[in-house]
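The lines below spell out each chain.
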Protein chains: 2
Amino acid sequence: MARPLGFDPEDARTALMNVFWARGYEATSMQDIEAATGLRKQSLYRYFGDKHAMYLAALRSYEECVVAEAERILGETPGPARARFSALLDWVIRSSSDTGGMRGCFLANASAEASAADPETAEVLAAMSGRMADAFGAALAADTKYRDDADLRRARTRHLLAAYVGLRVLVKGAFDAAAVREAADDLLLSV
Amino acid sequence: MARPLGFDPEDARTALMNVFWARGYEATSMQDIEAATGLRKQSLYRYFGDKHAMYLAALRSYEECVVAEAERILGETPGPARARFSALLDWVIRSSSDTGGMRGCFLANASAEASAADPETAEVLAAMSGRMADAFGAALAADTKYRDDADLRRARTRHLLAAYVGLRVLVKGAFDAAAVREAADDLLLSV
DNA sequence: CGAATTTGTTACCGTTCAGTCCGTAATTAT
DNA sequence: ATAATTACGGACTGAACGGTAACAAATTCG
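Residues numbered from 1 in each chain as written. Chains lettered and ligands numbered in written order. Predicted model: local features only at pLDDT ≥ 70, side-chain atom pairs only at ≥ 80, totals over all residues. Heavy atoms only, no water.

## Some points on the environment of A:Ala83
Residue and element names in this part refer to chain A. Put simply, the rule reads: Numbering of helices and strands starts at the N terminus; helices are DSSP runs of H or I of at least 4 residues and strands are runs of E of at least 2. Contact between two residues is taken to exist if any of their heavy atoms lie within 4.5 Å; hydrogens are not considered.
Positionally, Ala-83 belongs in helix H5 (residues 81–98). On a C-alpha basis, the gap between Ala-83 and Gly-137 in space is 14 Å, while along the polypeptide they are 54 residues apart. Discounting chain neighbours no more than four positions away, the residues touching Ala-83 are Thr-77 and Pro-78.

Shown next, in the form of structure tokens:
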């Protein structure tokens, strides 16, 4: 009955994801968001609510884009667990160098920035890391060694998830591409 | 020749460390800093310069407190590499539950928050992670297996550092104490 | 004691923050 | 066409930001 939306909400969410991913929550101003989305504040506020809601939308967009892709790679790569994780790490390293800048992992960045006083964000992050953990566990279960030992599988899942997150944090400052590759190769030896 | 400083600079730096560690750089306001240190803005500005310098002082304080303690534990624990890392992880888990809140690792938090546009912070972070890597490598060298194979030692060092950092990020949201313990135990199997 | 110097405190500065109001343009239903 | 409804754009708001200026209290040296 009235004028339709002048922008694609999906595009806006992707732009939000990129800007919050690159700068974090606190360091991103509404000016940055306007520039990233190409929209005016008023349109953003009407559609999303407030800055915090935009951040949650960005996190959900990351979940749909990146976490889903990680799940796909871990699930669809044929062969044993090690091959699956190798494919995952290849993809991480490749997509890191694609974007040039080392943004790390939005999930890891958000976890590190998260204050205890933000239960909504904590919930989204917990759900996301839970999906990652499930995907890791399922990939491990491709090997009989892990399929038959739930305790080992859970422990190894947590170990791998920690190493994965740590890699994506360290790539922002301490590790160059070669160091990441080396750490990833060594990590695969423990799978 | 004049009135002496009315506060202990070391205490002030420790307070700065704690407040930036808990909240990050952007989310910490000068009001927070005044409350944490018990000092007024003017005293802080005169002594440290500006907020950014206070952050660097906080990072250096962390390096002197926490990184130095990690070096000490890795270096002075007797026995093979695994025992040394076990002691390190015990200490991490113990000190995490001591402070109640899960602040994670200041180094990891700062790395995740760091923007590429801050070379000074990047330098401090690189130096700190370098010290951690050196300490990890030295601890590994307690085993002949690692002492005699520099390539393996370097790769394993990076793997362990990534896992260590990842653990301390995930403890902020995704992992509870039991999950950390489990991941740490599994991590030790790869040493 | 008194001059010099530095600390600590209060008030203040311009800027930027997230968020809102309101007039205008665009679209649909009648 | 016209009325109703909605999106858009610019101007605006009060609060909080980081940072500074100016003054009073305290300490040391001559």
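## Let's talk about the protein's contact with DNA strand C
The condition that has to hold: For this purpose, a residue is taken to be near a molecule or strand whenever a single non-hydrogen atom of the residue falls within 4 Å of it. Pairs of N or O atoms are called polar contacts if they sit within 3.5 Å, as long as, within protein, a hydrogen donor faces a hydrogen acceptor (for residues adjacent in sequence, only side-chain-to-side-chain pairs). Residue type decides the class: Asp, Glu, Lys and Arg count as charged, Ala, Val, Leu, Ile, Met, Phe, Trp, Tyr, Cys and Pro as nonpolar, and the leftover types, Gly among them, as polar.
Near DNA strand C you find 23 residues, and of these A:Lys41, A:Gln42, B:Arg3, B:Gly6 and B:Arg46 are the closest. A share of 61% is what sugar and phosphate atoms reach among the atoms of DNA strand C within 4 Å of the protein. A distance of 2.8 Å is found between a phosphate oxygen of DNA strand C and a backbone nitrogen or oxygen belonging to A:Met30. Between DNA strand C and the protein, one listed contact pairs a phosphate oxygen with a side-chain N or O atom of A:Lys51 at 2.9 Å. Put simply, the parts of the chain that give the surface near DNA strand C at least two residues each are helix H2 (30–37) and helix H3 (41–48) of chain A together with helix H3 (41–48) of chain B. Each residue belonging to the surface near DNA strand C can be placed in one class, and the counts come to nine nonpolar, seven polar and seven charged.

## Overview of the relation of the copies chain B and chain A
Note the threshold: Least squares is the method for superposing the copies, and the C-alpha atoms it fits come from residues with pLDDT of at least 70 in both.
If you rotate chain B by 180° and push it 0.0 Å along the axis, it lands on chain A with an RMSD of 0.1 Å. Viewed as a symmetry operation, the transformation between the two copies matches a two-fold axis. Counting the interface residues of chain B, we find that 100% of their copies in chain A are interface residues as well, pointing to one common contact surface.

## Re the protein's contact with DNA strand D
Close to DNA strand D lie 23 residues, the nearest being A:Ala2, A:Gly6, B:Met30, B:Lys41 and B:Lys51. Backbone atoms, meaning sugar and phosphate, make up 64% of the atoms of DNA strand D lying within 4 Å of the protein. Between DNA strand D and the protein, one listed contact pairs a phosphate oxygen with a side-chain N or O atom of B:Gln31 at 3.2 Å. One of the side-chain nitrogen or oxygen atoms of B:Tyr45 is found 3.1 Å away from a phosphate oxygen of DNA strand D. For the surface near DNA strand D, the secondary structure elements donating two or more residues are H3 of chain A together with helix H2 (30–37) and H3 of chain B. Of the residues contributing to the surface near DNA strand D, the split by class is nine nonpolar, seven polar and seven charged.

## Points about the packing of aromatic side chains
Our working definition: Note on aromatic contacts: the rings of Phe and Tyr and the six-membered ring of Trp form a pair at centre separations within 6.5 Å, being stacked when their planes are under 30 degrees apart, edge-to-face when over 60 apart, and tilted otherwise. Here's how the labels work: a residue is buried when its accessible area is under 20% of the maximum for its type, exposed when over 50%, partly exposed in between, all with a 1.4 Å probe on protein chains only. The rule for a charge over a ring is simple: NZ of Lys or CZ of Arg within 6 Å of the ring centre, and within 35 degrees of the ring normal.
This structure, assessed with the given rule, holds 22 aromatic pairs over all chains. Both rings, one in A:Tyr47 and one in A:Phe48, keep their centres 5.0 Å apart while their planes meet at 80°; by these two values the pair is edge-to-face. On the basis of relative accessibility, which here comes to 13%, the residue A:Phe48 falls in the buried class. Ring plane angle 80° and centroid distance 5.7 Å describe the contact between A:Phe136 and A:Tyr164, whose orientation is recorded as edge-to-face. With A:Phe136 in helix H7 (residues 119–140) and A:Tyr164 in helix H9 (residues 150–170), the pair connects residues that are 28 residues apart, well separated along the chain. Relative accessible area serves as the criterion here: at 1%, A:Phe136 is assigned to the buried category. By the ring-pair criterion, three or more aromatic residues cluster together here, those being A:Phe20, A:Trp21, A:Tyr25, A:Tyr55, A:Tyr62 and A:Phe106. When the ring centre of A:Trp21 is taken as reference, the NZ or CZ atom of A:Arg103 above it lies at 3.7 Å. Seen from the ring of B:Tyr25, B:Lys51 lies directly overhead, with NZ or CZ sitting 4.5 Å from the centre.

## Looking at the packing of helix H5 (residues 81–98) of chain B against helix H10 (residues 177–189) of chain B
Residue and element names in this part refer to chain B. So the rule is basically this: For every element, the axis is a line fit to its C-alpha atoms; helices are fit only across the contacting stretch, and the angle between N-to-C directions ranges from 0 to 180 degrees. Throughout this description, any angle smaller than 35 degrees is read as roughly parallel, any larger than 145 degrees as roughly antiparallel, any in the 65 to 115 degree range as roughly perpendicular, and the remainder as oblique. Take the far helix as your reference; a near helix turned counterclockwise from it by less than a right angle gives a left-handed crossing, and one turned clockwise gives a right-handed crossing.
One can describe the packing of H5 onto H10 by two numbers: an axis separation of 10 Å at closest approach and a directional angle of 165°. Comparing their axes, H10 and H5 come out roughly antiparallel. Note that H5 runs across H10; the crossing there is right-handed. Every residue of H10 that contacts H5 at Arg-82, Phe-85, Ser-86, Leu-89, Asp-90 and Ile-93 is listed here: Val-180, Arg-181, Ala-184, Leu-187, Leu-188 and Leu-189. In terms of residue class, the contact of H5 with H10 is built from eight nonpolar, one polar and three charged.

## With respect to the interface of chain B and chain A
Convention followed: When two parts are brought into contact, each loses some accessible area as probed by a 1.4 Å sphere; the total of that loss over both is the buried area. Note on definitions: salt bridges are taken to be side-chain nitrogens of Lys or Arg within 4 Å of carboxyl oxygens of Asp or Glu.
Taken together, the contacts link 33 residues of chain B with 33 residues of chain A. With both chains or domains summed, chain B and chain A bury close to 2800 Å², and 64% of this area falls on carbon and sulfur atoms. When residues of chain B are sorted by the area they lose upon contact with chain A, B:Arg158, B:Glu182 and B:Asp186 head the list and together hold 20% of the total. Along the contact surface separating chain B from chain A lie six salt bridges. The shortest N-O distance in the salt bridge between A:Glu182 and B:Arg154 comes to 2.5 Å. At the junction of chain B with chain A, the criterion picks out twelve residue pairs in polar contact (both at pLDDT 80 or more). Counting only elements with at least two residues in the side of chain B that touches chain A, the list comes to helix H6 (106–113), helix H9 (150–170) and H10 of chain B. Per-element tally for the side of chain B that touches chain A: the top contributor is H9(B), with 15 residues. Considered class by class, the residues forming the side of chain B that touches chain A number 19 nonpolar, six polar and eight charged.

The quantities given are spatial measurements derived from coordinates; they are silent on function.
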